[in-house]
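Structural overview for review
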Amino acid sequence: MHMKIAASVAMCALATMALVPSTHHSAGGTVAGKVTYTGTAPKMKQIDMAKEPSCAKQHATPVMNESVVAGEGNTLGDVVVYISAGGAPSAVPSTPVTFEQKGCQYLPHVLPMQAGQQLEIKNDDQTSHNIHPMSQVNPEWNKSQPPGAPPIQTTYAKPEFIPVKCNVHPWMHGYFAVLNTSHSTVSGSNGTYSLSGLPPGKYTVTAWQERFGTQSQEVTIAGSETAKLDFSLKATEY
Amino acid sequence: MSRVAYRIPSITASISFLLIAASAGVAQTIHGLPREGRGGDTKVNTRVGRPAAGKQEYTRYCAGCHGDHGDGVGENAQWIEPRPRDFTQAVFKCRSTLSGSLPTDQDLINTVRRGIVNSNMPQWRPLPDQMQADLVAYIKTFSPRWATEKAGTPVEIPPETPVTTESILAGRAMFQKFECWKCHGTAGRGDGPSASSLTDSKDQPIHPYDFTTGTRFKCGTTNADLYRIFMTGLDGTPMASFADNIKGDQGWDLVHYLRTLQPIRTPESILWKSWLATHASELKPIGPESGGR
C-alpha cells in the first residue's frame, strides 16, 4: 500500500519532469483500429504432434501453424502494434511479461515487451522443451526446461524481433518483440487493436507481422480522444 | 548464401585443407591495411595477446576459412560443413561460461589449440603460445560485444564423484528424464525422433553427437569437459544448456552414463558391462514409453 503511494508520487514527479507518464496507461488518448491484409494469405498447415502424445492429447481440434492469423474480411491477428517514435521515452514497466509453453505451443505466439522488462518463461507441459531465441542483436542463448522446472527469468537489453523455437518440437515457433516502448499491443483474431494511455503528442505507430513486414503511420493525440488508425499489410506468399 | 552443403570425406578434407592453407598464404599478400581493433589486449595467464600482432597471423592461417572480416565466409567456406565460425556474432560453441555469455580468453585459446573434431577446424597446437594469444586477441576485434560485455562466469565443476553402478544408473535416468534421447537417440547413436529436423542458427542442417562412434568431443575429451558441455550447451546449435536443472554431483552421474555409450574402454564402460551381464533384464528401455530403470 505504502509502496503503491510512493510509486504514484514518484510517477507524478516523473510525469511533470518528462511531461509524460509512460507506464501509466489509464489517462490520455487512444489509438485504435483494425489490421487487414491485401492479396492472398498463405494457407496455414495443420501441425502434426503425433511425436509428442502428451501434447497431442491436449488438443481436441486440429492445431494450425500460427505464422499468419487471417480472419474473415481479410483481418489479421497476432500483429504487433506499437509506438515506434514520438512522445517521451517510456519507463520500463515493473511487471514481467510471461511466455508460456502449453500443449507444445507458445502462448502468446508473439510477445511484445520493452527492452529491459522482465521476461518470464514457463513450461506447463509434461515434456522437456528447449527455449532457443534466435537473436542477432542480443546475445543468443538456448536453455532446456524440463517439466516442473521453475520459470526462466531473463531480460533483453536491445530492441529486436527475435524468432523463438524449440529444437525438440520443430513446429513450435514464436516471437519476442523487444521494443523501445511500453506502448504496444497485439491485434486480436478479428484484427482489432487498441493502444491507450497516450499523452498528447505526435506519434509514429507501427504494425509488424512476421511474414508481411511492417507499416508505419503518423497520428496526433490532442487529449483523451480515440484516434482511428487502420493498417493494411501486403500478403506475401512463401 | 547457398544452402547446398558438401560432405567432404576425411581424405579429401585433408587435401582441401592443404589447398586452403596454400591459398590463405596467397591471400596474405593481397589484403590491405591492418584493421583497427575494437577489442583490447587479451590476457591469458601471464601472457598478453595483441590484436595488431594477431592480424597478420590471422590473414595467413585463418582468413581462408573465417574470412578477412571474420564473418565466416572465407573463400573456402562454401566447401566446408559445418561452416567456419562467424566471429562477428561472437556466438561460440565451446565455453566454460553459461549459455548466452562470452567465452573466456582461455576457452578460445583451448579451442584454437585443440581444433574441432569432425570439422575442418584444424589444431593449431604447433603455433607458438604467444601467436595463439595474439590470434585470440584479434578474433575478438570482429564483434562489438567484446568491447561492452565481460566474459561470463565459468560454470562450477565439483570434484568428480566415484564411478559406481548407482551413479551410472542415476545418469541413465537423467538421460531419460531430460530427454537427451529425443535428439541423441535411445542408444546414443544421434538418431532420436527430433534429430532429422535440426538446424543451427545459420539454418544449416546439424546432427546430434553420435556417442557410439565418437571418442572425442568438439569441446574437449575429459570427464570434466563432458560435464561442462551439457551445462553450458553449444551456443548457436540445438544443444541447449542444462545448467538450470542439473546441479552439482548429479552432473557426474550423467557423465558416467554417457561414458558407457562410447566405443572406448573407460572405468564406466567396464563396470557397466559387468553389471549388465547379470542385470540387463532389470532395465526398462530408454524412450517414450519409459521412466528410467
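Bear in mind that the values here come from a model prediction, so they are computed numbers and not experimental data.

Glancing now at the interface of chain A and chain B. Accessible area lost upon the coming together of the parts serves often as the stated size of an interface. Each partner contributes to the interface: chain A provides 25 residues, whereas chain B provides 27 residues. Area buried by chain A at its contact with chain B is led by A:Glu140, A:Asn142 and A:Ser144, which between them contribute 27% of it. At the surface where chain A touches chain B, the tally comes to one salt bridge. Here A:Glu52 and B:Lys182 are joined by a salt bridge, their closest N and O atoms 2.5 Å apart. Among the secondary structure elements, those contributing two or more residues to the side of chain A that touches chain B are strand E9 (129-133) and strand E10 (143-145) of chain A. In terms of residues, the side of chain A that touches chain B owes the most to one element, E10(A), which gives three residues. Its residues placed into classes, the side of chain A that touches chain B shows nine nonpolar, 11 polar and five charged.

What follows covers the sheet that holds E10(A). Pairing between the strands of a sheet comes from backbone hydrogen bonds, and it takes one of two forms, parallel or antiparallel. Residue and element names in this part refer to chain A. Taken in spatial order, the five strands make up an open sheet running E7-E13-E12-E9-E10, and their pairing is mixed. Sheet topology places strand E7 (110-114) and E10 at the edges, where each strand pairs with a single neighbour. The average undirected angle you get between the axes of adjacent strands in this sheet is 25 degrees.

Now for the domain arrangement of chain A. All names here are of chain A. Each domain of chain A was delimited in the assignment, giving domain 1 (30-86 + 186-238) and domain 2 (91-180). Relative placement of domain 1 and domain 2: their C-alpha centres are 19 Å apart. Across the boundary between the two partners, domain 1 contributes 18 residues, which contact 17 residues of domain 2. Counting the surface lost from both domain 1 and domain 2, the interface buries some 1600 Å², and carbon and sulfur atoms represent 67% of this. Linking domain 1 to domain 2 there are zero salt bridges. Across the contact surface, domain 1 and domain 2 share seven residue pairs in polar contact (both at pLDDT 80 or more). Every element with two or more residues in the side of domain 1 that touches domain 2 is listed here: helix H2 (53-56) and strand E4 (80-85). Broken down by class, the residue content of the side of domain 1 that touches domain 2 amounts to nine nonpolar, four polar and five charged.

The next point concerns the environment of A:Gly116. Residues and elements named next belong to chain A. Secondary-structure assignment places Gly 116 in the loop between E7 and strand E8 (119-123). Expressed as a C-alpha distance, the spacing of Gly 116 and Thr 155, which sit 39 residues apart in the sequence, is 5.5 Å. Ignoring any residue separated from it by four or fewer positions in sequence, one finds Gly 116 in contact with Val 92, Thr 155 and Tyr 156.

Moving on to the state of the cysteines. For the structure shown, the criterion picks out two disulfides over all chains. Paired by a disulfide, A:Cys55 and A:Cys104 hold their sulfur atoms 2.1 Å apart. Residues A:Cys55 and A:Cys104 are joined by a disulfide whose S-S torsion is about 65 degrees; by sign, that bridge is right-handed. Within this pair, whereas A:Cys55 is found in helix H2, its partner A:Cys104 is found in the loop between strand E5 (97-102) and strand E6 (105-107), the two being separated by 49 residues in sequence. One disulfide bridge connects B:Cys94 with B:Cys219, the sulfur atoms lying 2.0 Å from each other.

Right, let's get into the domain arrangement of chain B. All names here are of chain B. Parsing chain B into structural domains produces domain 1 (3-30 + 48-146) and domain 2 (165-282). With 24 residues of domain 1 in contact, the opposing surface of domain 2 contributes 20 residues. For the pair domain 1 and domain 2, the summed buried surface comes to about 1800 Å²; carbon and sulfur atoms form 52% of the total. In this structure, the salt-bridge partner of Asp 86 is Lys 202, at a minimum N-O distance of 2.7 Å.

A few words on the packing of aromatic side chains. In this structure the tally under the stated criterion is 24 aromatic pairs over all chains. Between A:Phe99 and A:Phe176 the ring centres are 4.8 Å apart and the planes differ by 75 degrees, which places this aromatic pair in the edge-to-face class. With A:Phe99 in strand E5 and A:Phe176 in strand E13 (residues 173-179), this pair connects stretches of sequence that are 77 residues apart. Exposure class is identical for A:Phe99 and A:Phe176. Each is buried. Arranged with centres 6.2 Å apart and planes meeting at 75 degrees, the rings of B:Phe178 and B:Phe242 form a pair that is edge-to-face. Note that B:Phe178 is positioned in the loop between helix H7 (165-177) and helix H8 (181-184) and B:Phe242 in the loop between helix H9 (223-232) and helix H10 (250-261), a separation of 64 residues in sequence. Grouping aromatic residues by their ring pairs yields a cluster made of B:Tyr58, B:Phe87, B:Phe92, B:Tyr138, B:Phe142 and B:Trp146. The side chain of A:Lys143 reaches across the aromatic face of A:Trp141, ending 5.4 Å from its centre.

A word on the side chain of A:Glu160. All names here are of chain A. Its place among the elements puts Glu 160 in strand E12 (residues 160-165). Within the structure, Glu 160 has its side chain in polar contact with the backbone nitrogen of Val 137 (distance 3.1 Å). Aside from chain neighbours lying at most four places away, what touches Glu 160 is Ser 135, Gln 136, Val 137, Asn 138, Phe 176, Ala 177 and Val 178.

Moving on, we come to empty space enclosed by the protein. Residues and elements named next belong to chain B. Here the structure, examined in full by the defined rule, presents three cavities of 30 Å³ or more. Counted as a void, the largest cavity has a volume near 510 Å³. Looking at the lining of the largest cavity, the elements that each hand over two or more residues are helix H1 (10-30), helix H2 (51-61), helix H3 (63-66), helix H4 (105-114) and helix H5 (129-139). A class-by-class count of the residues in the lining of the largest cavity yields 21 nonpolar, four polar and four charged.

Here the residue pair A:Leu107 and A:Pro108 is connected by a cis peptide bond, since its omega of -5 degrees sits within 30 degrees of zero. On the secondary structure map, A:Pro108 appears in the loop between E6 and E7. In this model, B:Glu81 is joined to B:Pro82 through a cis peptide bond whose omega is -5 degrees. Inspection of the secondary structure assignment puts B:Pro82 in the loop between H3 and H4. Positive phi is not limited to glycine here, since A:Asn74 has a value of about 55 degrees. Tracing the chain through its elements places A:Asn74 in the loop between strand E2 (69-70) and strand E3 (76-77). Residues other than glycine seldom take positive phi values, yet B:Asn118 does so here, at roughly 55 degrees. Residue position: B:Asn118 is located in the loop between H4 and H5.

Thresholds, definitions, all that
Residues numbered from 1 in each chain as written. Chains lettered and ligands numbered in written order. Predicted model: local features only at pLDDT ≥ 70, side-chain atom pairs only at ≥ 80, totals over all residues. Heavy atoms only, no water. Contact = heavy atoms within 4.5 Å. Buried area = accessible area lost by both parts, 1.4 Å probe. Salt bridge = Lys/Arg side-chain N within 4 Å of Asp/Glu carboxyl O. Helix = DSSP H or I, 4+ residues; strand = E, 2+ residues; numbered from the N terminus. Nonpolar A, V, L, I, M, F, W, Y, C, P; charged D, E, K, R; others polar. Pairing = 2+ DSSP bridges. Axes fitted to C-alpha atoms, helices over the stretch in contact; angles between N-to-C directions. Domains from an automatic or database assignment. Polar contact = N/O pair within 3.5 Å; in protein donor to acceptor, adjacent residues only side chain to side chain. Disulfide = S-S within 2.5 Å. Phe/Tyr/Trp six-rings, centres within 6.5 Å; stacked < 30°, edge-to-face > 60°. Buried < 20%, exposed > 50% of the residue type's maximum accessible area, 1.4 Å probe, protein only. Lys NZ or Arg CZ within 6 Å of the ring centre and 35° of its normal. 1 Å grid on protein atoms, 1.4 Å probe; cavity = no way out; pocket = protein on both sides within 12 Å on 5 of 7 lines; lining within 4 Å. Points joined across faces, edges and corners; volume = space filled by probe spheres on them.

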